[in-house]
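Chain by chain, the residues run as shown.
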Amino acid sequence: MEDGGSTRAELVTLYRTMLLIRRFEERAAELRQEGFIPGFLHPYIGQEAVAVGVCAALGAEDVITSTHRGHGHMLARGADPRRMYAELYARVDGYNRAKGGSLHMIDTGLGFLGANGIVGGGIPLATGAGLQRKREGNAGVAVSFFGDGATNQGAFHESLNLASLWKLPVLYVCENNLYGEFTRQDKHQPMTDIARRADSYAMPGVVADGNDVLDVLRVAREARARAAAGEGPTLIEAKTYRHRGHYEGDMGAYRPPDEVREWLARDPIVTFGAWLVERGSVPQGELNEIAARIENELEDAAAFADASPHPQPDEALEDVYRDTYEGMALR
Amino acid sequence: MEDGGSTRAELVTLYRTMLLIRRFEERAAELRQEGFIPGFLHPYIGQEAVAVGVCAALGAEDVITSTHRGHGHMLARGADPRRMYAELYARVDGYNRAKGGSLHMIDTGLGFLGANGIVGGGIPLATGAGLQRKREGNAGVAVSFFGDGATNQGAFHESLNLASLWKLPVLYVCENNLYGEFTRQDKHQPMTDIARRADSYAMPGVVADGNDVLDVLRVAREARARAAAGEGPTLIEAKTYRHRGHYEGDMGAYRPPDEVREWLARDPIVTFGAWLVERGSVPQGELNEIAARIENELEDAAAFADASPHPQPDEALEDVYRDTYEGMALR
Amino acid sequence: MRLISYAAAINEALNEEMERDSEVFLLGEDIGESGGVFGVTKGLQERFGADRVLDTPISEEAIVGAAVGASLLGGRAVVELMFSDFSALAMDMIANQAAKTHYMSGGQLTAPVTIRLVTGYVGSGAAQHSQSLEAWFTHIPGLKCVAPSTPADAKALLKTAIRDPDPVCYFEHKLLYNRKGEVPDAIEPLPFGQARIVREGSDVTIVAYLKMVLDAVEAAEILAEEGISAEVFDPRSLVPFDRDGLRRSLERTGRLVIVHEAPTRGGFGAEIAAIAAEEYFDLLRAPIARACGANTPIPYAPELENRVIPDPTRIADAARALVEAGSAVH
Amino acid sequence: MRLISYAAAINEALNEEMERDSEVFLLGEDIGESGGVFGVTKGLQERFGADRVLDTPISEEAIVGAAVGASLLGGRAVVELMFSDFSALAMDMIANQAAKTHYMSGGQLTAPVTIRLVTGYVGSGAAQHSQSLEAWFTHIPGLKCVAPSTPADAKALLKTAIRDPDPVCYFEHKLLYNRKGEVPDAIEPLPFGQARIVREGSDVTIVAYLKMVLDAVEAAEILAEEGISAEVFDPRSLVPFDRDGLRRSLERTGRLVIVHEAPTRGGFGAEIAAIAAEEYFDLLRAPIARACGANTPIPYAPELENRVIPDPTRIADAARALVEAGSAVH
Ligand SMILES: Cc1ncc(C[n+]2csc(CCOP(=O)(O)OP(=O)(O)O)c2C)c(N)n1
Ligand SMILES: Cc1ncc(C[n+]2csc(CCOP(=O)(O)OP(=O)(O)O)c2C)c(N)n1
Ligand SMILES: [Mg+2]
Ligand SMILES: [Mg+2]
């Protein structure tokens, strides 16, 4: 690992954020088990270094589109775990007033334009967001997270062609976790390095170690600089792995045990934690304190969610249109 | 030019077919001028070597999907000009009983699965046809013709990924005529060699001189052999040019005169005719006779179309379903 | 007779049709090795092999297009759309290609593909995994559309769909998958366009399909206790639609309530209402009522989801209102 | 007042809105340098530059998606679908993304995009270049849908659409492009949901939109000669729909004929019929009639095309039948 000039405080923050995501997801799984969360959950566990590395390279005016596996991206962008749990609990203090749930969480304040229930659905939207940023003189860039499976969608192809043609400030971040749902990459596409698909659009394509937060950060920084300088988009392939099943409830039986073992041994948080300690600058005790604080934060977040009121049924009829023409459009 | 082992008779047939297409289209344009043809016409003039070269490499069990610019493909496959004109005239003896017109002409007997009004629409269909042929033990291959503009459609990307993954016997033939409608290639995609897009699918991609019928034939033969052997699909990019506007009525003003002049000088029929003569084997007189016979054939075809009855209005209610449940489904 | 689930009935139909005709094959996302996210296709790949039950990439346009293309050459492709919401990515292949092939070709070519659309709400699936989009397809000439509510109908209609010479959109409801029902040991394909009277009645006809048939029956029970006799009419196929059956029912009841999960505006219920107002107007003793989905996307929270999807109470209220107002009208 | 064409009116609206608000920009296939295949956007790129009038690749999903994405950040994108048939390739971005963003986000975010759908038959355009697909969009909550029939309405409604905070599907008819009409020198945006009584009448209401308004007016003239007084009702916007206006018209006439080009089954006319049968049943003195497109794709030959698209004679026949049967009914 290379610190790439990050300060000690920055490095610790990277660790902290990855751990927050990990524990947020583990806890969400438990809370779902206990019946507090009604909908689907696609845990981000194992991929934390990607969201955290990319988001550490971004500025306040940058925007993000995410996926069905979006909690990590949102937390890495600085979202409030309390409002996230409240949304998962389907309560009024949730980010989406209990209308979206895990698949559609949004925080416009953070430029987080939303998770997405459609595989590949966020890619054209990020492309359009990049177009708007370009119209504003490249004031900020757009980032689109998506998986290996999404790279077989037409939306991926059309969007990258458009973005490269127009030199839009977009980072296309493919998290290649080797599986699209239950299907291994070699059964859904005939090549290995998704980054190479950038060649079809005369776009730079870079492979990053998706389990090394510093490598992801380095690659994302370069891509962002290029985008902000008006030099156009980059396709980043972060090779990583999800530790759990596709969604909570999926046991992931379709994955060879050796493969799972091998990747678990490369846990992005454990390795980075060890690196921080060995590098000497950060005592294990400090990491333990961070962990403890995260437990309290999540404890508090779950309590906040639990205390938040359920929505009133008629709220279901609100927000269909910003301007309803006195409800006419609703009929 | 290299004859690639074609017999004299075969070479003459190539010439004859290209000239037939050329004159069929020129005449169609006149007939439209004179008011005999109601719909859109997208002339194939200038690209004859592609259709003729590819179709010369095919067997009887092979199938084809085409485009809005499909007359050339259909004639190269051996379609009857009389029924084609009759369809353009919107008469009952037309291939589609006057229901399809230029954009939807079909001859199932020839395995010509149809022109298509949707840019890129034929690509997934050919992929499925290839799948069916594979299920039948690669008894024949599927060919999909499409333009440079179509390679920016999601359907192109999804289809090539699927075909390469499953090693389907498909020839993807891109006719790069430098323009998608009125938009030059450099304004619709950021690269030049579309054949290179095959790399994204670990598929062979080959460039052919689309104005050299023998070069196209050679490349198509190789690709067909590979497909029939179960080795999977090939992307063929045939570089060519349309001599006229995008459709009859378009003056093509958006094209630089030098560019047009340069390409007209490389007319695939004139060059091949000259080659046949110089090569000595075919006297100019024989080519003139061919031209004369084509004139008669087209004269007869136009007369046939003109003599064919107009459809009865109520025929519009037929063919919606093969099985209408006594017309129930029609209501 | 056996008591089996709706999902098992669909699985049996696929099994038997693949057994019967080697041209029948399946493709879809994770339908093979894993047997589908809802387990509907379990065991089929083991039984028929990976070349007849194909796991595909996530490429809805291409996989539906491939199914259509194969069907042009005689393959009897059955393609699954894991959630019908994803049909939005394949509409060109369904509506512009498959639906129009027979017509555009002047009757030369057909695309006898079967498209399985996994439909309806599932409980907090939210806006992109809960839609009922059948109205998109019923509007497109060239497509047939079926929507079974029982295991027996699910099995019989899927057999018909697979053997039908035209493209068929087969809508199956997530919340019915685990519902059991009687299915004959041997079942024949059921011709399209034949509605089923689920329950006879004389005061009001409630038309419902898919999961809403269950709610309509519950509503009828509520009404029965109040002395209102409701007939529950399940069209089973939407295209073709059993107009004569509807007429016969309206001759008995003179009142019509239409129920579906999809948003009211422009849902297939509007077509049913239009048919009745055009052709059976004289039979109507009261206004037509639609107890259909609210004109909103499907929200995540259970309280909100329940608010926008019809339930027995709301259906009963609509029927009661007609009966009370009804006789007054003319 | 000036006499200008429908195409010119749309061009003026775009021109003035781009003038008014620098956030308004256009994208579409060949809309810039060449001014569009129908010439509707002529001159706009010269005037506003290539970064506000963007020629795009042939990538319907991405260009509609890009328009939606830009609108999320405040860009007022107006995207053209050269033929509305091609919307089949962009339905996910329209129906699953743009339409649902405001709702799914709990009101945080909106997608104020305007989608111009070039609609209807054009004369031997055949099955994939002639469709009227508005029913797909009117069924999706979150979308607004407008369908102007005159140059003045085209201009005023496009201004409203561009300024509207929600996604708007703006349907424009090819065969209206060259039709001229009076347009005020300065025209204000026209609020959605306000129908226009094109012609007053007392015996029957003919509801029609887009090009069919012209045919409905001709039908009314035919009927007038026979002593039948037909009112022609142009809703102008389909979502929201002017229910009160329809009620007032039915109070005058008591009879309803609905006309559109789209196939009858599941067209927006079914929704209008359902509204009338639900809410204004007591006002109806005769069955409702739909004089709409046949349930077929659009064929190529003129004779066949004319057979499947409504014309003044068929509209008049439908209205006449109601008036003759009408009084008999109740
Ligand atoms: C258009 C569409 N097709 C299918 C699905 C069902 N689905 C949800 S997630 C998923 C797998 C996505 O794989 P990938 O893109 O690699 O992301 P990952 O789950 O690995 O993070 C699928 C098929 C969907 N949500 N949307
Ligand atoms: C999906 C779709 N988008 C747009 C069009 C309109 N259109 C017809 S042909 C054409 C250009 C196609 O360019 P290319 O693929 O290069 O084929 P060429 O015309 O050059 O033969 C366009 C944009 C269409 N028919 N279908
Ligand atoms: Mg993955
Ligand atoms: Mg081209």
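For the structure itself, consult the block above.
Residues numbered from 1 in each chain as written. Chains lettered and ligands numbered in written order. Predicted model: local features only at pLDDT ≥ 70, side-chain atom pairs only at ≥ 80, totals over all residues. Heavy atoms only, no water.

(A) Region of the structure containing the overall build of chain C. From N to C terminus, chain C includes 11 helices and 14 strands. Along the first, second and third principal axes, the C-alpha atoms of chain C reach 65 × 45 × 40 Å. Counting every position in chain C, which comprises 330 residues, the buried fraction comes to 76%. Surface accessibility of chain C: about 8,200 Å² in total, with carbon and sulfur atoms responsible for 48%. (Helix = DSSP H or I, 4+ residues; strand = E, 2+ residues; numbered from the N terminus. Buried < 20%, exposed > 50% of the residue type's maximum accessible area, 1.4 Å probe, protein only. Areas by Shrake-Rupley, 256 points an atom, 1.4 Å probe, with all protein chains shown as cover.)

(B) Representation of the site of ligand 2 in the model. As a structural note, the neighbourhood of ligand 2 is formed by 22 residues, with His68, Arg69, Gly117 and Asn177 of chain B together with Glu60 of chain D the closest of them. Each of chains B and D places residues near ligand 2. One of the backbone nitrogen or oxygen atoms of Val119 of chain B is found 3.1 Å away from a nitrogen atom of ligand 2. Contacts to ligand 2 include Asp148 of chain B, whose side-chain N or O atom sits 2.9 Å from an oxygen atom. (Near = heavy atom within 4 Å. Polar contact = N/O pair within 3.5 Å; in protein donor to acceptor, adjacent residues only side chain to side chain.)

(C) Inspection of the relation of the copies chain D and chain C at higher detail. Here chain D sits on chain C after a turn of 180° about the axis and a move of 0.0 Å along it, with an RMSD of 0.0 Å. Taken together, the turn and the small shift mark the pair as related by a two-fold rotation axis. A share of 100% of the interface residues of chain D reappears at the interface of chain C, consistent with the copies meeting face to face through the same patch. (Least-squares fit on C-alpha atoms with pLDDT ≥ 70 in both. Contact = heavy atoms within 4.5 Å.)

(D) Representation of helix 9 (residues 257-264) of chain A in the model. All names here are of chain A. Restricting attention to buried positions, one finds in helix 9 the residues Glu259, Val260 and Trp263. Down the axis of helix 9, the smallest arc covering the buried residues is 100°, so these residues share one side. Away from its buried face by more than 90 degrees, helix 9 exposes Pro257, Asp258 and Arg261. In this structure, the buried residues of helix 9 make contact with strand 4 (179-180), strand 5 (183-184) and strand 7 (234-239). (Arc of directions from axis to C-beta.)

(E) Summary view of the pairing of strand 5 (residues 114-119) of chain C. Residues and elements named next belong to chain C. Within strand 5, 6 of the 6 residues are buried, leaving the element largely enclosed by the surrounding structure. With burial as the criterion, each face of strand 5 is covered, one bearing Thr114, Arg116 and Val118 and the other bearing Ile115, Leu117 and Thr119. Both strand 4 (residues 76-81) and strand 5 contribute to a ladder of 4 bridges, which runs parallel. Paired with Glu80 across the bridge in strand 5 is Arg116. As defined by bridge partners, strand 5 adjoins strand 7 (residues 168-173) across 6 bridges and the pair is classed as parallel. Counted as the bridge partner of Thr119 is His173 from strand 7. (Pairing = 2+ DSSP bridges.)

(F) Structural detail: the pattern of salt bridges. Within this structure, the stated rule accounts for 114 salt bridges over all chains. Asp3 of chain B is the salt-bridge partner of Arg279 of chain B, the closest N and O atoms lying 3.1 Å from each other. With Arg279 of chain B in the loop between helix 9 (268-278) and helix 10 (284-307) and Asp3 of chain B in the segment before helix 1 (8-33), this residue pair connects regions lying 276 residues apart in the sequence. Using a relative accessible area of 39% as the deciding quantity, one classes Arg279 of chain B as partly exposed. Relative accessible area serves as the criterion here: at 22%, Asp3 of chain B is assigned to the partly exposed category. The partner of Glu16 of chain C in a salt bridge is Lys155 of chain C, and the shortest N-O contact between them spans 2.6 Å. Placement of Glu16 of chain C in helix 1 (residues 6-20) and of Lys155 of chain C in helix 6 (residues 151-163) is noted, with a sequence separation of 139 residues between them. According to the relative accessible area criterion, Glu16 of chain C is partly exposed, its value standing at 29%. (Salt bridge = Lys/Arg side-chain N within 4 Å of Asp/Glu carboxyl O.)

(G) Spatial organisation of the coordination of the magnesium ion (ligand 3). All names here are of chain A. In this structure, Asp148 (OD), Asn177 (OD1) and Tyr179 (O) serve as the protein donors to the magnesium ion (ligand 3), at separations of 2.0 to 2.1 Å. Taken in sequence order, the residues that donate to the magnesium ion (ligand 3) follow the motif D-x28-N-x1-Y. Each member of the pair Asn177 and Tyr179 is classed as buried. (Donors = N, O, S within 2.8 Å, 3.2 Å for Na, K, Ca; no water.)

(H) A look at the coordination of the magnesium ion (ligand 4). The coordination sphere of the magnesium ion (ligand 4), as far as protein atoms go, consists of Asp148 of chain B (OD), Asn177 of chain B (OD1) and Tyr179 of chain B (O), spread over 2.0 to 2.1 Å. Motif for the magnesium ion (ligand 4), donor spacing along one chain: D-x28-N-x1-Y.

(I) Quick look at the interface of chain A and chain C. Taken together, the contact pairs 41 residues of chain A with 33 residues of chain C. Taking the shortest distance from any N to any O, the salt bridge between Asp314 of chain A and Arg307 of chain C comes out at 2.7 Å. Applying the counting criterion to the chain A and chain C interface returns 12 residue pairs in polar contact (both at pLDDT 80 or more). Its residues assigned to classes, the side of chain A that touches chain C comprises 19 nonpolar, 14 polar and 8 charged. (Nonpolar A, V, L, I, M, F, W, Y, C, P; charged D, E, K, R; others polar.)

(J) Quick peek at the nonpolar core. Formed by 448 residues in total, the largest nonpolar core has its most connected members in Phe137 of chain C together with Phe137 of chain D. When near neighbours in sequence (up to four residues on either side) are disregarded, Phe137 of chain D contacts Ser87, Met91, Ile94, Leu117, Leu143, Cys145, Cys169 and Phe171 of chain D. Counting 8 residues, the second largest nonpolar core, distinct from the first, contains Ile118 and Phe182 of chain A together with Met82 and Leu89 of chain C. (Core = buried A, V, L, I, M, F, W, Y, C linked by side-chain atoms within 4.5 Å.)

(K) Local environment of unusual backbone geometry. That bond from Val239 of chain C to Pro240 of chain C is cis: its omega, 0°, falls within 30 degrees of zero. Structurally, Pro240 of chain C is set in the loop between strand 12 (237-239) and helix 8 (243-253). Positive phi, normally seen in glycine, also occurs at Lys167 of chain B, with a value near 50°. As for its position among the elements, Lys167 of chain B is in the loop between helix 6 (154-165) and strand 3 (170-176). For Leu178 of chain B, which is not glycine, the phi dihedral falls at a positive 75°. Using a relative accessible area of 15% as the deciding quantity, one classes Leu178 of chain B as buried.

(L) Geometry of the interface of chain D and chain C. Chain D puts 52 residues into the contact, and the matching count from chain C is 52 residues. Carbon and sulfur atoms supply 63% of the area that chain D and chain C bury against each other, a total of about 4,600 Å² over both sides. Residues Arg290 of chain D and Glu271 of chain C are paired through a salt bridge, measuring 2.7 Å at the closest nitrogen-oxygen approach. Inspection of the region where chain D meets chain C yields 25 residue pairs in polar contact (both at pLDDT 80 or more). Breaking the side of chain D that touches chain C down by element, the ones donating at least two residues are helix 4 (91-104), helix 5 (134-138), helix 9 (268-279) and strand 14 (289-290) of chain D. In terms of residue count, helix 4 of chain D provides more of the side of chain D that touches chain C than any other element does, 8 residues in total. (Buried area = accessible area lost by both parts, 1.4 Å probe.)

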